[in-house]
Amino acid sequence: MLAAMFSGRHTVHKDSDTGYVFVDRDGTHFRHILNWLRDGVAPNLSDLERLELLREAEYYQLLGLVERINMVLNKKKVDEKMDTELTRTDIIKCVQSFSKYHVKLRGVNLSGLDLSNLV
């Protein structure tokens, strides 16, 4: 979008005194847009800021930045799902569905679970 704006194909409105170009967008994340264009580094932001930057990256059609932000957001979702505690029902379903196979629960704390009714 930025390249198209300044390619000469579109009319760009410049301030007559300063020569500045007015871009009608929220400037909060524009520095991140410029930094991405300069060196391809995505900033480390909060989830809310990341979503706001995603909207700006989509507007400016910066596909690499859009992909990078989506990758981070999706990884966070997966990590959050992996952080949940296993319940007794989860363990029973796991053991029953893999009864023919060797189940590895390395690193899982099973202390205090009553698994006496598995059979």
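Residues numbered from 1 in each chain as written. Predicted model: local features only at pLDDT ≥ 70, side-chain atom pairs only at ≥ 80, totals over all residues. Heavy atoms only, no water.

## With respect to the packing of aromatic side chains
Taken as a whole and judged by the stated rule, the model has 2 aromatic pairs. Where Tyr59 meets Tyr60, the ring centres are 5.0 Å apart and the plane angle is 80°; that geometry is what we call edge-to-face. A relative accessible area of 30% places Tyr59 in the partly exposed class. Counting every residue linked through ring pairs, the aromatic cluster contains Phe30, Tyr59 and Tyr60. Above the plane of the ring of Tyr59 lies Arg25, whose end atom (NZ or CZ) is 3.9 Å from the centre. (Phe/Tyr/Trp six-rings, centres within 6.5 Å; stacked < 30°, edge-to-face > 60°. Buried < 20%, exposed > 50% of the residue type's maximum accessible area, 1.4 Å probe, protein only. Lys NZ or Arg CZ within 6 Å of the ring centre and 35° of its normal.)

## Overview of the side chain of Glu56
By secondary structure assignment, the location of Glu56 is in helix 3 (residues 47-59). Residue classification places Glu56 among the buried residues on the basis of a relative accessible area of 9%. Separated by 2.8 Å, the side chains of Glu56 and Arg25 make a polar contact. Residue contacts for Glu56: discarding those within four places in its chain leaves Arg25, Asp26 and Ile33. (Helix = DSSP H or I, 4+ residues; strand = E, 2+ residues; numbered from the N terminus. Polar contact = N/O pair within 3.5 Å; in protein donor to acceptor, adjacent residues only side chain to side chain. Contact = heavy atoms within 4.5 Å.)

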